[in-house]
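# Chain and residue survey
Read off the chains here:
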Amino acid sequence: MGVKTVVWGGETNTEQRLMADATEQLLEELWGIAVDEKGNQTICDQLYSAISATGRRPQDWEEWRTRYPLDSLRTALGSAASNGEWYKTITAGELVGGAVVKALPQLAGTNLAETLDKLRNFAYRD
C-alpha cells in the first residue's frame, strides 16, 4: 500500500537490538543509564531473572562482566531492559540516544547502525 517500514533485524525489539550490537563500552554506559533510572538493585534483580542464574547475584556491572560471557549477557540485558522498561522515560531515552550517536562510528556494519541510517534517510531524504 506504499507504506514504508523500517524494522530491526532478527525480529528483535529496540532494547534487544541495542544490547546485541552495542560495543562493550556502550554496554557499560547503557548499564549506568539504567542504574541511574531504576537503581542498581532493581537492574541487578531484573538481569538475574533474565539470565536464569543460580547462586549469589552479582552486585554491579563489573561483577556481571566477570562472571558471565558477553553473549549471554547481551541476550539477558535485552530482555531485562525491555521487560523492566529501563529506558522508557524521556530523560533515559535522550541519554541512550546520545550514547548511541556517540558510539555510531564503532557500530558500523551492525544492524543497529544500518537501521538507524534507514530511519535517518526516511526522515530527511525521502
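Just above, that's the structure.
Right, let's walk through the structure included here. Numbering of residues starts from 1 in each chain and follows the order in which that chain's sequence is written. Where local features are concerned, this predicted model is filtered to residues with pLDDT of at least 70; where side-chain atom pairs are given and counted, the filter is 80 or more; whole-chain, interface and lining totals use all residues. Side-chain numbers come from the whole structure's heavy atoms, not from hydrogens or water.

## Considerations on the overall build of the chain
Put simply, the rule is: Helix and strand labels come from DSSP, where a helix needs a run of H or I of at least four residues and a strand needs a run of E of at least two; each type is numbered from the N terminus. What the globule rule says is 2.2 Å times the number of residues to the power 0.38, and the radius of gyration is computed from C-alpha atoms. Note on exposure labels: buried denotes an accessible area under 20% of the residue type's maximum, exposed denotes more than 50%, and partly exposed covers the range between, all computed with a 1.4 Å probe on protein chains only. Two residues qualify as a contact provided that any one of their heavy atoms is within 4.5 Å of a heavy atom in the partner residue.
Scanning the chain for helices and strands turns up 7 helices and 0 strands. The order of α-helices and β-strands along the chain, N terminus first, is α-α-α-α-α-α-α. At 15 Å, the chain has a C-alpha radius of gyration in line with the 14 Å of a compact globule built from 126 residues. Here the C-alpha coordinates of the chain stretch approximately 50 × 30 × 25 Å along the principal axes. For the chain, with 126 residues in total, the buried portion stands at 37%. Put simply, 58% of the contacts in the chain that link residues at least 6 apart link residues at least 24 apart.

## Some thoughts on the packing of aromatic side chains
Let me state the cut-off plainly: Only the six-membered ring of Trp is used, alongside the rings of Phe and Tyr, when aromatic pairs are assigned; centres must lie within 6.5 Å, and planes under 30 degrees apart are stacked while those over 60 apart are edge-to-face, with the rest tilted.
The full count for this structure, using the stated rule, is 3 aromatic pairs. Considering the side-chain rings of Trp 31 and Trp 61, the 5.4 Å spacing of their centres and the 45° angle between planes classify their relative orientation as tilted. Highlighted residues: Trp 31 in helix α2 (residues 24–38) and Trp 61 in helix α4 (residues 61–67), separated in sequence by 30 residues.

## Comments concerning the nonpolar core
Here is the rule: Nine residue types can take part in a nonpolar core, namely buried Ala, Val, Leu, Ile, Met, Phe, Trp, Tyr and Cys, and a core is a set of them joined through side-chain atoms within 4.5 Å.
Grouped together as the largest cluster of nonpolar side chains are 35 residues, with contacts concentrated most on Leu 30, Trp 64, Leu 77, Trp 86 and Tyr 87. Secondary structure elements with two or more residues in this core: α1 (14–21), α2, α3 (40–50), α4, α5 (70–83), α6 (90–103) and α7 (111–124).

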